[in-house]
Amino acid sequence: MTAFNTSFEFAHTQDQLDILHPFRERFLFPQHNGVNTVYFCGNSLGLQSSGVKFLMDAELEDWGKYGVEGHFQARSPWFSYHQQFSGPLSRIVGAQPDEVVAMNTLTVNLHLLMMSFYRPQNGRYKIIMEAGAFPSDQYAIDTQARMYGFDPNDAIIEISPREGAHIIEEEDIISAIEAAGTELALVLFGGVNYYTGQLFDMQAITAAAHKAGAYCGFDLAHAVGNVPLSLHDWDVDFACWCSYKYLNSGPGAVAGAFVHERHGNNPETFRLAGWWGNEEKTRFQMKKGFMPAKGAASWQMSNAPVFNMVAHRASLDLFDKATIAALREKSIRLTAYMEFLLREIQHLSFTIITPPDPARRGAQLSLLFDERGREVFEALTENGVIADWREPNVIRIAPVPMYNNFEDCYRFYKILESIQ
Ligand SMILES: *Cc1c(COP(=O)(O)O)cnc(C)c1O
């Protein structure tokens, strides 16, 4: 591999060598003054692919043509619509097809899975989570603890970075788990922290949680479609994610959940039930007595929100074609190149708080500014960059391997360099 340099020719050549380059053509980029923006916000809302409109039109047509008969007559029958996601999702998160399901939205799934895996008893009631987790996760965990009558300040143990640091030391997570011991009910962490972009060692955290006799779950909002995952082999108990970030499935799109088969295939595992989680054979007998279907699908409550799943389907087709392995390979190089260019910038004062080690991050770099952060962010926007601003002083950029290229990184660098 050639070493990075700051020439345009370098970026251009890298793009020509990139086997994933054709995927970019399939995405719709927002425009600024008639040209594509530098879109580095795929960690917040991924772009639309051209397949979405086609599939959406097909569903509208089938609804018009068949009415209720569409449940069985539609080109992708709505009765079993959700089933087509098991294969592609299982490849993305490293699971058995029965261990994953596309349903609801992320925070809803977090609550539903906590109903199954946070069941305080026998003095086990504590939850370990990261300090500064995404607010929705904080609210969910806080209210789950309250629901069982606990004071969240006592029940929730937050792991923070050490004094003066931005990222959390893995050994601090492990030692907190060991210290909580027999009081620990659940470890619930992000796979990748939304603010710093830190990727956690999910296998090690899971092993430590299990050793302490607790369950372990992950919010994979910023990990899914971004970094390789092996949820089954890591022995994770449960996980959930949204699909509108790296999975490009559109605003508010159907989310996903993973339940390890040892729980999913155990009828004794408690789940809040609805008819769609019932065995398919007896679902329409409309009788008393919930019989859970096999695996994660038994956590479904309602029939599939088809229109909210169409873009997900278009997107997962592209993930199957591109493969996580190839995306990750490009991602490591693309992010390292972006980091190299950022380090060439001398006149602006910022720190990259995302871990420099590729094994501890995905496609995101978080730039912590001293004072002029907001001003720099606005200047970027005026120059056709779509990035993300997080209070108090962070600009997050995400060079997404599915549709961003080396030239985007180069353009970003040139724009940043021009800001005085
Ligand atoms: C994006 C994100 C959410 C958003 O939750 P929704 O229920 O999809 O609105 C929640 N948690 C994390 C960690 C996120 O990154």
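Sequence order sets the numbering: in each chain, residues are counted from 1 along the sequence as written. Only residues with pLDDT of 70 or above have their local features reported here, since the model is predicted, and side-chain atom pairs are shown and tallied only from 80 upward, although totals for entire chains, interfaces and linings are computed over all residues. As a convention, hydrogens and water are excluded, and side-chain values are obtained from all of the structure's heavy atoms.

## Quick look at unusual backbone geometry
1) Next: The step from Glu391 to Pro392 runs through a cis peptide bond, and the omega angle for that step is 0°.
2) Next: The numbering of helices and of strands both runs from the N terminus, where a helix is a DSSP run of H or I of at least 4 residues and a strand a run of E of at least 2. Within the secondary structure layout, Pro392 lies in the loop between strand S16 (388-390) and strand S17 (394-397).

## What to know about the sheet that holds strand S9 (residues 184-190)
1) Next: Within the open sheet, the 7 strands sit side by side as S6-S12-S11-S10-S9-S7-S8. Their pairing is mixed. Among the strands making up the open sheet, the edge pair consists of strand S6 (100-102) and strand S8 (156-159). Within the sheet, the average angular offset between the axes of one strand and its neighbour, ignoring direction, is 15°. We call two strands paired when DSSP finds no fewer than two bridges between them. Axes here mean lines fitted to C-alpha atoms, for a helix over just the part in contact, with angles spanning 0 to 180 degrees between N-to-C directions.

## Quick look at the site of the ligand
1) Next: If even one non-hydrogen atom of a residue comes within 4 Å of a molecule or strand, that residue is called near it. Inspection of the region around the ligand gives Leu106, Thr107, Phe134, Asp137, Asp219, Ala221, His222, Tyr244 and Lys245 as its neighbouring residues.
2) Next: N or O atoms closer than or at 3.5 Å make up a polar contact, with two conditions inside protein: a donor-capable atom paired with an acceptor-capable one, and, for residues adjacent in sequence, both atoms drawn from side chains. Side-chain polar atom of His222 to an oxygen atom of the ligand: 3.1 Å apart, as the coordinates give it.
3) Next: Accessible surface is estimated by sampling points in the Shrake-Rupley manner with a 1.4 Å probe; for residues, cover comes only from the protein chains shown. Contact with the protein chains removes 81% of the 390 Å² of surface that the ligand exposes when unbound.
4) Next: Amino acids are sorted into nonpolar (Ala, Val, Leu, Ile, Met, Phe, Trp, Tyr, Cys and Pro), charged (Asp, Glu, Lys and Arg) and polar (every other residue, Gly among them). Here the shell around the ligand is built from residues that sort into 4 nonpolar, 2 polar and 3 charged.

## Considerations on the UniProt feature "binding site: pyridoxal 5'-phosphate" (unreviewed entry) in the protein chain
1) Next: Under the UniProt annotation, the feature "binding site: pyridoxal 5'-phosphate" (unreviewed entry) is placed at Leu106, Thr107, Phe134, Pro135, Ser136, Asp137, Asp219, His222, Tyr244, Trp275 and Asn303. For this annotated set, covering 198 residues, the C-alpha atoms extend up to 31.3 Å from each other, a dispersed arrangement in space.
2) Next: Structurally, Asp137 is set in helix H7 (residues 135-147).
3) Next: Burial classes: relative accessible area under 20% of the type maximum marks a residue as buried, over 50% as exposed, and values in between as partly exposed (1.4 Å probe, protein chains only). Overall, Asp137 belongs to the buried group, its relative accessible area being 10%. UniProt positions are given in the numbering used here, feature names are shortened, and annotations may be inferred rather than shown by experiment.

## Considering the packing of aromatic side chains
1) Next: Note on aromatic pairs: the rings of Phe, Tyr and Trp (six-membered ring only in Trp) are paired at centre separations within 6.5 Å, and the planes decide the class, stacked below 30 degrees, edge-to-face beyond 60, tilted for the rest. One pass over the structure, following the stated rule, counts 25 aromatic pairs.
2) Next: Ring centres of Trp63 and Phe307 lie 5.8 Å apart, and the angle between their planes is 55°; on these two criteria the pair is classed as tilted. Of this pair, Trp63 sits in helix H3 (residues 51-66) while Phe307 is found in the loop between helix H13 (280-283) and helix H14 (310-322), placing the two residues 244 residues apart along the sequence.
3) Next: Overall, Trp63 belongs to the exposed group, its relative accessible area being 51%.
4) Next: Their ring planes at 55° and their centres at 6.0 Å tell us that Tyr81 and Phe85 sit as a pair that is tilted.
5) Next: Given the relative accessible area of 1%, Tyr81 is considered buried.
6) Next: The exposure class of Phe85 is buried, given its relative accessible area of 1%.
7) Next: Taken together through their ring pairs, the aromatic side chains of Phe4, Phe10, Tyr337, Phe340 and Phe406 make up a single cluster.
8) Next: The ring centre of Phe270 lies 4.4 Å from the NZ or CZ of Arg119, which sits over that ring. Geometrically, a lysine NZ or arginine CZ counts as sitting over a ring once it is within 6 Å of the ring centre and also within 35 degrees of the ring normal.

## Here we look at the nonpolar core
1) Next: For this analysis, a nonpolar core means a set of buried residues of the types Ala, Val, Leu, Ile, Met, Phe, Trp, Tyr and Cys, connected via side-chain atoms within 4.5 Å. Core analysis: the largest hydrophobic core is formed by 72 residues, its most contacted members being Leu220, Trp241 and Met402.
2) Next: At 7 residues, the largest contribution of residues to this core is made by H14.
3) Next: Domain delimitation in this document rests on an assignment produced automatically or drawn from a domain database. Inspection of this core shows a minimum of three residues originating in each of domain 1 (8-49 + 323-418) and domain 2 (57-320).
4) Next: The contact definition used throughout considers only heavy atoms, calling two residues in contact when any of these lie within 4.5 Å. Not counting the four nearest positions on each side in its chain, Met402 is found in contact with Phe23, Arg24, Phe27, Asn248, Leu318, Phe319, Ala322 and Leu327.
5) Next: With 33 residues, the next largest nonpolar core counts Tyr337, Ile345, Leu348 and Tyr413 among its residues.

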